[in-house]
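Given next are the chains, with one letter for each unit.
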Amino acid sequence: GCLITEHAPGRYAFHDLLRAYAASQARGCDSQSGRDAAISRILDHYLHTAGHAALLLRPSDAPLAFAAPEPGACPEQPGDRREALAWFEAEHQVLLAAVAFAAETGADSHAWQLSWAMKEYLLKRGYPHERVIIFGSALAAAERLDDTLGQAMALRALGNACTDTGKYDQARAYHERCILLYQRLGDHMGEAWAQHNLSTLAEVQGRYAEALGHNEQALRLLQAIGHESGEAEILGNIGWFHALLGDYHRARAFCEQSLALIAKLGDCEFAYFVWDTLGYIELHLDDFTRAVAHFEHALGLCRDYGDRATEGEILTHLGDARHAAGELPQARQAWQQALATYNDIHDPGSEQVRAKLASCEASGLA
């Protein structure tokens, strides 16, 4: 009988494939080199498909230069962002198993590169604990290879995962090591994103002025290499931190600069962050109607990109704007949607929303 089980149409469980190779090995009807080549083909299939899908999710990332796939490997070519997300969803468990298997069997470049290719998907879907494990394993693999770029990339992703799991000291240490490696490589783009990650860490710790400083450094690095989509993204972030610091008019000016670049570049995967910031600005300037319109626009764009964690944040802001406008049933509805989104991805943001709903109930208004 067939040793490989199809667990969804056209999808095969990775461990079943490996079990099939083990069975054939036991029967002695295959050469070691034949088995190794077959396993390499499977790993190449996943690596090259994931690399292609990752660029659809975040086109502004520098594509990784993978080795050519083994002859006979047939990577899939998802056609657009939705297909890329659907592929990652369908292959999620298989990909995690493939990374673990690559690390166990000495396929270290596959181990760190496949982890990196999954980064954006895991980030959008909110899997912080999985990310700590997978990028820890990626870092070890890159260290075994003495691959400086691999180590920098793994440290960057691992630092983010530590920020999202509340391990702030570790996150800072990883990002600082990461920046030194990117500087050694002369990689301004990598260094800029590492600065951006330090700003995220400073933000969750409530240090907004420090976060702004990291983004200003990132902006200088990206402008120096003429990376316009990166520049547009960081301009939006600078706007966000000016808003958090209460300088709403300056914040709006940076968001408008960002949107002007986005209009020039076309579809940018971070535009919803800028619209969310504009909503936040109008909310704090008491223009609730405009705030609601901006948040709803941000929400539509965000759902298009499958970014669940940010969707929860925008829904929370939308509830805040509805509440400020005295539209209490709509506020409650937005917060309940935010809570469901956060619970779905085990995001700690749910605590804050639960508190808003509770105070709504307590005041007898909802």
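This is a predicted model, so every value here is computed, not measured.

Cut-off values and rules
- Residues numbered from 1 in each chain as written.
- Predicted model: local features only at pLDDT ≥ 70, side-chain atom pairs only at ≥ 80, totals over all residues.
- Heavy atoms only, no water.
- Helix = DSSP H or I, 4+ residues; strand = E, 2+ residues; numbered from the N terminus.
- Buried < 20%, exposed > 50% of the residue type's maximum accessible area, 1.4 Å probe, protein only.
- Contact = heavy atoms within 4.5 Å.
- Areas by Shrake-Rupley, 256 points an atom, 1.4 Å probe, with all protein chains shown as cover.
- Lys, Arg positive; Asp, Glu negative; His and termini not counted.
- Charge placed at Lys NZ, Arg CZ, Asp CG, Glu CD.
- Salt bridge = Lys/Arg side-chain N within 4 Å of Asp/Glu carboxyl O.
- Axes fitted to C-alpha atoms, helices over the stretch in contact; angles between N-to-C directions.
- Parallel < 35°, antiparallel > 145°, perpendicular 65-115°, else oblique.
- Left-handed = near helix turned anticlockwise from the far one by under 90°.
- Core = buried A, V, L, I, M, F, W, Y, C linked by side-chain atoms within 4.5 Å.
- pLDDT = per-residue confidence, 0-100.
- Polar contact = N/O pair within 3.5 Å; in protein donor to acceptor, adjacent residues only side chain to side chain.
- Expected span 1.5 Å × (residues − 1).

### With respect to the overall build of the chain
Moving on, step 1. If you tally the helices and strands in the chain, you get 16 helices and 2 strands.
Moving on, step 2. Overall size of the chain, expressed as C-alpha extent along the three principal axes, is 75 × 45 × 40 Å.
Moving on, step 3. By the burial criterion, 52% of the 366 residues in the chain qualify as buried.
Moving on, step 4. Excluding contacts between residues fewer than 6 apart, the proportion of contacts in the chain whose partners are at least 24 apart in sequence is 61%.
Moving on, step 5. Summed over its atoms, the accessible surface of the chain is roughly 15900 Å², and 52% of this surface lies on carbon and sulfur atoms.
Moving on, step 6. A distance of 2 Å separates the average location of the 30 positive side-chain charges in the chain from that of its 49 negative side-chain charges.

### A closer look at the pattern of salt bridges
Moving on, step 1. All chains considered together, the criterion is met by 23 salt bridges.
Moving on, step 2. For E210, the salt bridge is made with R172, and the minimal N-O distance between the two is 3.0 Å. Linking E210 in helix α9 (residues 208-224) with R172 in helix α7 (residues 168-185), this pair joins segments that are 38 residues apart in sequence.
Moving on, step 3. Residue classification places E210 among the partly exposed residues on the basis of a relative accessible area of 30%.
Moving on, step 4. The exposure class assigned to R172 is partly exposed, which follows from its relative accessible area of 24%.
Moving on, step 5. The residue R308 makes a salt bridge to D344 at a minimum N-O spacing of 3.0 Å. Placement of R308 in helix α14 (residues 308-324) and of D344 in helix α15 (residues 328-344) is noted, with a sequence separation of 36 residues between them.
Moving on, step 6. Where salt bridges share partners, they join R172, E176, R207 and E210 into one cluster.

### Describing the packing of helix α11 (residues 248-265) against helix α12 (residues 271-284)
Moving on, step 1. In contact at an axis separation of 10 Å, α11 and α12 are set at 155° when each is read in the N-to-C sense. Relative to α12, the element α11 is oriented roughly antiparallel. α12 is crossed by α11, and the crossing has left-handed handedness. The residues of α12 that touch α11, namely those facing Y248, A251, R252, C255, S258, L259 and I262, are A271, V274, W275, T277, L278, Y280, I281, E282 and H284.

### Things to note about the side chain of H110
Moving on, step 1. For H110, the location among the structural elements is in helix α4 (residues 108-125).
Moving on, step 2. If we skip the residues at most four places from it in the chain, H110 touches L43, D44, L47, A102 and S115.

### A short note on the nonpolar core
Moving on, step 1. I234, I262, Y280, I281, F295, I314 and V353 are the most contacted members of the largest nonpolar core, which totals 53 residues.
Moving on, step 2. The biggest single contributor to this core is helix α10 (residues 228-244), with 8 residues.
Moving on, step 3. Setting aside residues no more than four positions away along its own chain, I262 makes contact with A232, C268, F270, A271 and V274.

### Observations concerning the environment of Q257
Moving on, step 1. Tracing the sequence through the fold places Q257 in helix α11.
Moving on, step 2. Along the backbone, Q257 and I42 are 215 residues apart, and their C-alpha atoms lie at a distance of 45 Å.

### Structural notes on the confidence of the model for the chain
Moving on, step 1. In this model, the chain carries an average pLDDT of 90, and 91% of its residues clear a pLDDT of 70 or more.
Moving on, step 2. Here residues 1-7 scores under 50 on pLDDT; set against residues more than four positions off or in separate chains, the count is 17 contacts.

### Observations concerning the side chain of R58
Moving on, step 1. Along the chain, R58 turns up in the loop between α2 (32-57) and α3 (81-104).
Moving on, step 2. Of the polar contacts made by the side chain of R58, one reaches the side chain of E269; its length is 3.4 Å.
Moving on, step 3. If we ignore the near neighbours within four places in the chain, the residues touching R58 are K119, E120, W193, E233 and E269.

### Regarding the packing of α10 against α12
Moving on, step 1. Running from N to C, α10 and α12 point in directions that differ by 20°, and their axes come no closer than 9 Å. In terms of their interaxial angle, α10 and α12 are classed as roughly parallel. In this structure, the crossing between α10 and α12 has a hand that is left-handed. Contacts between α10 and α12 involve G236, G239, W240, A243 and L244 from the first element and V274, T277, Y280 and I281 from the second.

### Quick look at unusual backbone geometry
Moving on, step 1. In this structure, D286 is a non-glycine residue whose phi angle is positive, near 65°.
Moving on, step 2. Secondary-structure assignment places D286 in the loop between α12 and α13 (288-304).
Moving on, step 3. For D286, a relative accessible area of 56% translates into the label exposed.
Moving on, step 4. Look at H346: it is not a glycine, yet its phi comes out positive at around 55°.
Moving on, step 5. For H346, the position within the fold is in the loop between α15 and α16 (350-362).
Moving on, step 6. Given a relative accessible area of 68%, H346 falls into the exposed group.

### A closer look at α10
Quick reminder: α-helices carry 3.6 residues per turn. Residues three or four places apart thus point the same way.
Moving on, step 1. For α10, with 17 residues, the first-to-last C-alpha span of 24 Å sits near the 24 Å given by 1.5 Å per residue.
Moving on, step 2. Of all 17 residues in α10, 16 are buried; the element is thus mostly enclosed.
Moving on, step 3. Just beyond α10, the residue with positive phi is G246, at close to 90°.

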